[in-house]
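# Notes for the structure review
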Amino acid sequence: TTACTPPPAMKLRDAPSACPSLWRCLPCPPAELRLDLVLSSGQTFRWWESSPGAWTGVLGGRVWTLRQERDRLWYTVYGDEDDDDHDGRPAEAAKPDGAETDRVLRDYFQLDVGLPALYRAWGAADPLFRKVADDFPGVRVLRQDPVECLLSFICTSNNHISRITAMIERLCQAFGRRLCRLDARPFHAFPSLSALAGPPPPHHRRLPRCPPTHVPTMSSPSAGADAEAQLRALGFGYRAKFVSGSARAIAEGLGAEGLRQLRTVPYAEARRVLCTLPGVGAKVADCVCLMALDKAEAVPVDTHVWRIARQRYGTALGGRSLTTRAHQEIGDFFRGLWGPRAGWAQAV
């Protein structure tokens, strides 16, 4: 029998000019959104600058390339490896419904929230904000999938962006469904709760389709290990038990939909529920509240924010260490200063 070969890679598309029919655009001036500032800021870890000004990543189980040109946000969506045409070649163009993909992007970047008016209000309330705002226009908070956001931010403790990005990539490759290959680079969906909550399924990776007589098996030496052990093998260290433990707690408790429903409850209640999960403290809970659960008033506080509050704003909040009480007091201070979207102002 002949060996099965994976489907050929699609070509990365980096600009609308090359193949305009595969791109769509939304009106979006730089004052409303700066891709380079938002996608590299540590809110998300799934985007990569694939060529100057073009950002490629995974959103909603699809692979996208985004580009800004003047007052327009251009995007293209790639086909799944399953989307073969009749000749057996991979589909170069995904043809999802354009209105639907527009809606996904508008929701992800929360484009219905007008940013320039917020910048003006924050600047009027805070001279220090006014000083930095001109250098950082178009910084907005993303609206992410709650499961992905939560499990990603559990990985951020005592860590930095490039290392977190590499960890999340390994997580998706090991546990997530493969979506496509672009210029030989594979892209994977974020893993499901069930994939991370227990032993990985025997065929959790997308395998090339073969004749029924040839059934490939996954040869990974850690295929039989449980999720926590496999995460440790992937370099997650002590975070491995928190990622698999939180995935299990959600799968057996709230469920993914219950976690998403925290968008409808008050901020304090959502934060309280999140803090019951393994590896989730006040900082991670506030990140998830802000970036996935529609709590625009949530202000994630770490030692950097605490130092700014003390040194630049002259507050004596929180005593000598960053306690739970300090998190609350510093958050309350910035909510009093910047108003109901304080978390957005802090992101700038």
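Residues numbered from 1 in each chain as written. Predicted model: local features only at pLDDT ≥ 70, side-chain atom pairs only at ≥ 80, totals over all residues. Heavy atoms only, no water.

When the pLDDT values of the protein chain are averaged, the result is 86; 84% of them are 70 or greater. Within the protein chain, helix α13 (residues 303–311) has the poorest average pLDDT of any element, 86, and helix α11 (residues 267–274) the best, 98. Counted against residues more than four places away or in other chains, residues 84–94, with its pLDDT under 50, gives 20 contacts. Note on residues 200–225: pLDDT is under 50 here. Beyond four places in sequence and across chains, it has 41 contacts. (pLDDT = per-residue confidence, 0-100. Helix = DSSP H or I, 4+ residues; strand = E, 2+ residues; numbered from the N terminus. Contact = heavy atoms within 4.5 Å.)

Position of alanine 54 among the secondary structure elements: in strand β3 (residues 54–59). With a relative accessible area of 0%, alanine 54 lands in the buried category. In this view, alanine 54 contacts Asp14, Trp48, Glu49, Thr65, Leu66 and Arg67; residues no more than four positions away in its chain are not counted. (Buried < 20%, exposed > 50% of the residue type's maximum accessible area, 1.4 Å probe, protein only.)

This paragraph deals with the pairing of β3. In summary, the side chains of a regular strand alternate between the two faces of the sheet. For β3, a buried count of 6 out of 6 residues is recorded, marking the element as mostly surrounded by other parts of the structure. With burial as the criterion, each face of β3 is covered, one bearing Ala54, Thr56 and Val58 and the other bearing Trp55, Gly57 and Leu59. Note: strand β2 (residues 47–51) against β3, 4 bridges, orientation antiparallel. Bridge pairing in β3 links tryptophan 47 to glycine 57. Hairpin connection, β2 to β3: the antiparallel pair is bridged by 2 residues, and glycine 53 has positive phi, about 85°. Both β3 and strand β4 (residues 62–69) contribute to a ladder of 6 bridges, which runs antiparallel. (Pairing = 2+ DSSP bridges.)

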